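# Descriptive structure summary
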Amino acid sequence: MNKNGKFFLVGNNGKLSNNYISNIQLPYIFGSPELNEVLELKKIIDQSNIVYSQIESLFYFKSNRWDLKFTNNLLIKLPEKIDKEILDKISFFLENIELENKKILDARIKNQIIILNE
């Protein structure tokens, strides 16, 4: 997480520590979320079928909404209210729908997933 121009690791305890570990691939967190919001999102992802290690970046917006960018460059726009059920539906969708050349999945509208090429 970038805080005041410096990179920190976010611990499961909600504390920031200096980024001395260089060989571990962890997602970058963009935006300025509160630490409890980061931990809550991580908890929901861990409970879901989304594979955390496949997430390259987490983007936080002031509207309390997140986007997830995966290592395959797919961007998922999440709704403001996120729970395990929503992430499991997205995971099922990712496993069962051919997404070649697709860049964005927009899940911000309830009960819909919109596929975009751009």
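Look above for the structure.
## A few points about the overall build of the chain
Helix and strand content of the chain: two helices and nine strands. The order of helices and strands in the chain, counted from the N terminus, is β-β-β-β-α-β-β-β-α-β-β. Projected onto the principal axes, the alpha-carbon positions of the chain cover approximately 40 × 25 × 25 Å. At a minimum sequence separation of 6, the contacts of the chain that also span at least 24 residues come to 39%. For the chain, the exposed area adds up to about 8100 Å²; of that, 48% sits on carbon and sulfur atoms. Averaging the locations of the 16 positively and 15 negatively charged side chains of the chain gives two centres separated by 6 Å.

## Here we look at unusual backbone geometry
A positive phi angle, close to 65°, is found at Asn 64, a residue other than glycine. Mapped onto the elements, Asn 64 comes out in the loop between β5 (55-61) and β6 (65-70). Judged by relative accessible area, which is 36%, Asn 64 ranks as partly exposed. Phi at Asn 111 is positive, roughly 65°, even though this residue is not glycine. Take Asn 111: it is sitting in the loop between β8 (104-106) and β9 (114-116). The exposure class assigned to Asn 111 is exposed, which follows from its relative accessible area of 67%.

Calculation criteria
- Along every chain, residues carry numbers that run from 1 in the direction the sequence is written.
- Given that the model is predicted, a residue must reach a pLDDT of at least 70 before its local features are reported, and side-chain atom pairs must reach 80 or more before they are shown or counted; all residues, however, enter totals for whole chains, interfaces and linings.
- Calculated side-chain values reflect all of the structure's heavy atoms, with hydrogen atoms and water omitted.
- Helix and strand definitions follow DSSP, with helices as H or I runs of at least four residues and strands as E runs of at least two, each counted in order from the N terminus.
- We call two residues in contact whenever any of their non-hydrogen atoms come within 4.5 Å of each other.
- Exposure was quantified through the Shrake-Rupley algorithm and a 1.4 Å probe, taking into account, for residues, occlusion by the shown protein chains and nothing else.
- Positive charges are assigned to Lys and Arg, negative charges to Asp and Glu, while His and the chain termini are left out of the count.
- Taken as the charge centre is NZ of Lys, CZ of Arg, CG of Asp or CD of Glu, depending on the residue.
- Burial classes follow relative accessibility: with a 1.4 Å probe on protein chains only, a residue under 20% of its type's maximum area counts as buried, one over 50% as exposed, and anything between as partly exposed.

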